[in-house]
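Chain residues, written in single-letter form:
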Amino acid sequence: MSEQLKFIVQELSKPPFSKSYNLISFDSLEPIQLLQILTDVLAEVDPKQKIDVREESADQTAIRIFSILRILKYKPPTDSSNLSLFRQGLVTGEKIVIYPILEWLFHRMADLKKRAYLARYLVKVEVPPDFLADEEVQGLYAQYDELVEQFKELHKSHEQLKHSGFTTTDIRRDISSMEDEKEQLNKRVERLRRKVESHQKSGPMLNVARSLRLERDRETSLTAQKQEQKNTITHFDQRISRLQNQLKDVRASAVGATPEGLLQRLEEEVKTNNYIVTEQLPKQISNRKKAVTDLQKVVSEPAMGQSDLDVLIEKIRQMNSEINQLIEKRMMSTDPTDDKLSLFRQQAAIITRKKEGAAETLQEIREDLVKCELEFEEKRSVLKETDGGEVLKGDEFKRYVNKLRSKSTIYKKKRQEIHELRAEHGVLSRTEEILKQRDDHMNRHMSALETKKGVSGYRETQDELEKVSSVKSELDELKGKTLDDISEMVQRLHMRIADKKSSLAPIIKELRPMRQKAQELSVKHEDKKAHYDSTAAGLETNRSKLEQEVRGYREECMAEESRHHYLNCMKKILEVQHQRISDEMKAYVSSDPAERKKSFRELYTKKIQEQENMGKGLREKQKAVRENHGPSMRQMKMWKDFERLMEMKQQCAMQRNQDQMGMQGGGNTMAAMYDDGPQQMEGDVFVL
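What you are looking at is a predicted structure, and each value in this text was computed from that prediction instead of being measured.

A.B. asks: Would you mind showing me how to read the overall build of the protein chain here?
C.D. replies: Assigned secondary structure in the protein chain consists of 21 helices and zero strands. Here the protein chain holds 688 residues, and 11% of them are scored as buried. Of the contacts formed within the protein chain by residues at least 6 apart in sequence, a portion of 56% connects residues at least 24 apart. Taken as a whole, the protein chain presents about 58500 Å² of accessible surface, with 58% of it coming from carbon and sulfur.

Right, dumping it as structure tokens:
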């Protein structure tokens, strides 16, 4: 129900509805509001249903909704009691009835729109048989049937054209090109017809050509049929070979197999598949979803500058330092010797890592198997197409069969030995894991002792030296060994394996009840672990509450300390001001003139007097400047005019010199004019 409600709310939040409902607000709607929402959704399917429910009666609403649901082929409950409840719930606007209808509509919105559109034209009008007795009405109804059939055909052709991928421009272009080709072909046919008619034996030749064309067409069809038959034969051959291989594999797997072994193998496969489905795949899906959400957050956020990146880097650095401090505190507060569950945790971590690695390798092996099968089928098909491969016949085939039988017996023996070796390998691998765990524990203990004694790394260097020496010795030994030594070693191994089998048989018998006991203990361990997890969660919540309280108290202490420092600073400032005021009072009251001069009052009065005197002098200067401003401006203007006249005189003198060099007679008169002119002007200036 919650998933259904969530889906309906999500669909209503999308356009064209754009309703801002949540699960609680939508679930708390009134029946009339639910009927209005259902009507709006039906109006999206069929625009005729766009009606306000408050403006029509309940009977009309029920009839309208029943009719549109019947057209859309909604399947209500088939039981009579459930059907009556369905009708009553639809009239009264019950959630149990309306929610499934909304979900059904949202899942099939596009198809229902198409169905509603077609229902306008394909749902026939019901005419009573009394009216059909009239000839005119019967003719109109027959015409109506024909139009409905035409609409069906046109709609089918329209859908086919819509999905064909051709546009009107492409079709027009094709039609025009086809018309051009038709004209060219007609011209060519006409030209060829003229050539043929001019020949004497044109009739028999045409008949022969026609029969030749028909035979060629028949030949092409027969070759196509032959190729199809070959393809089917190759397909069936491949299928037969594949089935034969499967049969061989099944028979080979069934050889030497027992029902217990098959059941054990199936249980292992089921366990691995359950592990992949229940643990590995959900982890991968959650990781992918987390990565997608992170990427969506990154995309939705605005572009970040260098300053924002610096702030984030600083926050990351602070958080890393806090995490390291907490880890150090935890390591200091907890003693590793007291932690009794560390060994179990390590074992669980090792087992989970092995499970994940085994699942990954299994997945890779399955993918490789699928690839190899595909390559095998391709190569087999290529081989059959090229007619390759050798087919054994007669005595060779008999020898080959006998050889296969001898090899199959050897294979069965070897396979039995491999099964026994695998069982022994499982026991030995388990002992190896236990010894490795103990070795890791001892290594950690030894490293701690080395750090205590101040010789850390001694054991690692010693191990490396021993490894190097052992590798060197092994290489030397391998160089000196021969094939006889290898054969002897193989014999010894076979003997040891037989001894181990005989020695491990009673141990395996004793191990079966121990496995049962281990399963019971694992069940108890899970119960204890669940109890431990619950108590740990409770303690963790209490610890978090206490940490929050401690954090609040620390913040209060810091605030009080800052307030205390602020008040101390203000107190010191007031003390300094008070000291200055007392010194000022002493200097002001004192009769000693030297001390009185040191007082701030005397200094400030002296500075005020100096500023007032300076202001008086500046005001007098301002008054003098204002009085002399007009005459000074006139004098400055006269000097500017005089400067301009002198520049003009200089220009005239330069012009006179040029004229004297150019002409002699007229130049004297001009020089006299220039001599009289500037003197008169100079006299005028001085008169001014």
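A.B. asks: Can you help me understand a nonpolar patch on the surface in this one?
C.D. replies: On the surface, Leu309, Leu312, Ile313 and Ile316 cluster together to form a nonpolar patch covering roughly 350 Å² of accessible area. Following the sequence through the fold, Leu309 ends up in helix 13 (residues 306-333). A residue is classified by how much of its surface remains accessible, and Leu309, at 37% relative accessible area, is partly exposed.

A.B. asks: Would you take a moment to explain the packing of aromatic side chains for this structure?
C.D. replies: Tallying each qualifying case throughout the model produces nine aromatic pairs. Look at Phe17 and Phe106: their rings are 5.9 Å apart centre to centre, the planes differ by 85°, and that puts the pair in the edge-to-face class. Residue Phe17 is located in the loop between helix 1 (2-13) and helix 2 (23-27), and its partner Phe106 is located in helix 6 (residues 95-107); the two are separated by 89 residues in the primary sequence. Each member of the pair, Phe17 as well as Phe106, carries the same accessibility label: buried. In textbook terms, an aromatic cluster arises when at least three aromatic residues are bridged by ring pairs, as seen for Phe66, Tyr74, Phe86 and Trp104.

A.B. asks: Honestly, the packing of helix 3 (residues 31-45) against helix 7 (residues 109-122) in this entry has me stumped. Any pointers?
C.D. replies: Helix packing geometry: the angle between the two helix axes and the distance between the axes. Closest axis-to-axis distance for the helix 3/helix 7 pair is 8 Å, and the angle between their directions is 65°. With respect to helix 7, the element helix 3 is oriented roughly perpendicular. Contact residues: helix 3 offers Val41, Glu44 and Val45, while helix 7 offers Met109, Leu112, Lys113 and Ala116. A class-by-class count of the residues in the contact of helix 3 with helix 7 yields five nonpolar, no polar and two charged.

A.B. asks: I would appreciate a short explanation of helix 7 in the present structure.
C.D. replies: Given 3.6 residues per helical turn, the α-helix brings residues three or four places apart onto the same face. The end-to-end C-alpha distance of helix 7, which contains 14 residues, comes to 19 Å, matching closely the 20 Å that a straight helix rising 1.5 Å per residue would cover. Of all the positions in helix 7, only Met109, Leu112, Ala116, Leu118 and Ala119 are classed as buried.

A.B. asks: What am I meant to see in a negative patch on the surface here?
C.D. replies: Together, Glu179, Asp180, Glu181 and Glu183 give the surface a local cluster of negative charge. With respect to the helices and strands, the residue Glu183 is situated in helix 10 (residues 168-198).

A.B. asks: Where do I start with the pattern of salt bridges in this structure?
C.D. replies: A side chain with one charge can pair with a side chain of the opposite charge if their charged atoms come near. All chains considered together, the criterion is met by twelve salt bridges. In this structure, Glu432 engages Lys436 in a salt bridge whose closest nitrogen and oxygen atoms are separated by 3.4 Å. Of this pair, Glu432 and Lys436 both sit in helix 15 (residues 395-453), separated by four residues, roughly a single helical turn. The class of Glu432 is partly exposed, set by a relative accessible area of 41%.

A.B. asks: Quick question: what am I supposed to make of the nonpolar core here?
C.D. replies: Proteins that are soluble and globular tend to have nonpolar side chains buried together. Core analysis: the largest hydrophobic core is formed by 34 residues, its most contacted members being Phe26, Leu38, Val41, Leu72, Ile101, Leu105 and Phe106. For this core, the elements supplying multiple residues, two or more each, are helix 1, helix 3, helix 4 (58-71), helix 5 (80-92), helix 6 and helix 7. Per element, the largest residue contribution to this core is eight residues, and it comes from helix 6. Ignoring anything within four residues of it in the chain, the contact list for Ile101 reads Leu38, Leu69, Tyr74, Phe86 and Leu90.

A.B. asks: Teacher, can you tell me more about unusual backbone geometry here?
C.D. replies: Note: most peptide bonds trans; most residues except glycine with negative phi. The omega angle of the peptide bond from Pro15 to Pro16 is 10°, so this bond is cis rather than trans. Positive phi, close to 55°, is recorded for Ser18, a residue that is not glycine. Counting through the fold element by element, Ser18 comes out in the loop between helix 1 and helix 2. Even without being a glycine, Lys73 presents a positive backbone phi close to 65°. In this structure, Lys73 sits in the loop between helix 4 and helix 5.

A.B. asks: Even after reading the chapter, I still don't get helix 3, so can you show me in this structure?
C.D. replies: If you check helix 3, its first and last C-alpha atoms are 21 Å apart, about what 15 residues at 1.5 Å a residue would give, namely 21 Å. Of all the residues in helix 3, the buried ones are Leu34, Leu35, Gln36, Ile37, Leu38, Thr39, Val41, Leu42, Ala43 and Val45.

A.B. asks: Help me out: how do you make sense of the confidence of the model for the protein chain in this one?
C.D. replies: Predicted coordinates in regions of low pLDDT should not be interpreted in detail. Summing up the model confidence of the protein chain, the mean pLDDT is 78 and the portion of residues at 70 or higher is 83%. The least confident element of the protein chain, judged by mean pLDDT, is helix 21 (residues 665-687) at 43; the most confident is helix 20 (residues 629-662) at 89. Note that residues 669-688 has pLDDT below 50 and, in this model, twelve contacts with residues that lie over four places away or in other chains.

A.B. asks: When you look at the side chain of Gln4 in this model, what are you seeing that I'm missing?
C.D. replies: Among the structural elements, Gln4 can be located in helix 1. A distance of 2.8 Å separates a polar atom in the side chain of Gln4 from a polar atom in the side chain of Glu103. Sequence-distant contacts of Gln4, defined by excluding residues within four places in its chain, comprise Tyr99, Pro100 and Glu103.

A.B. asks: Which parts of the structure should I look at to understand the environment of Pro282?
C.D. replies: On the secondary structure map, Pro282 appears in helix 12 (residues 259-300). Judged by its relative accessible area of 35%, Pro282 falls in the partly exposed class. Contacts of Pro282, omitting those with residues within four sequence positions, involve Ile276 and Val277.

Analysis parameters
Residues numbered from 1 in each chain as written. Predicted model: local features only at pLDDT ≥ 70, side-chain atom pairs only at ≥ 80, totals over all residues. Heavy atoms only, no water. Helix = DSSP H or I, 4+ residues; strand = E, 2+ residues; numbered from the N terminus. Buried < 20%, exposed > 50% of the residue type's maximum accessible area, 1.4 Å probe, protein only. Contact = heavy atoms within 4.5 Å. Areas by Shrake-Rupley, 256 points an atom, 1.4 Å probe, with all protein chains shown as cover. Patch = residues over 30% accessible without salt bridge, like charges linked within 9 Å, V, L, I, M, F, W, Y side chains within 5 Å. Salt bridge = Lys/Arg side-chain N within 4 Å of Asp/Glu carboxyl O. Phe/Tyr/Trp six-rings, centres within 6.5 Å; stacked < 30°, edge-to-face > 60°. Axes fitted to C-alpha atoms, helices over the stretch in contact; angles between N-to-C directions. Parallel < 35°, antiparallel > 145°, perpendicular 65-115°, else oblique. Nonpolar A, V, L, I, M, F, W, Y, C, P; charged D, E, K, R; others polar. Expected span 1.5 Å × (residues − 1). Lys, Arg positive; Asp, Glu negative; His and termini not counted. Charge placed at Lys NZ, Arg CZ, Asp CG, Glu CD. Core = buried A, V, L, I, M, F, W, Y, C linked by side-chain atoms within 4.5 Å. pLDDT = per-residue confidence, 0-100. Polar contact = N/O pair within 3.5 Å; in protein donor to acceptor, adjacent residues only side chain to side chain.

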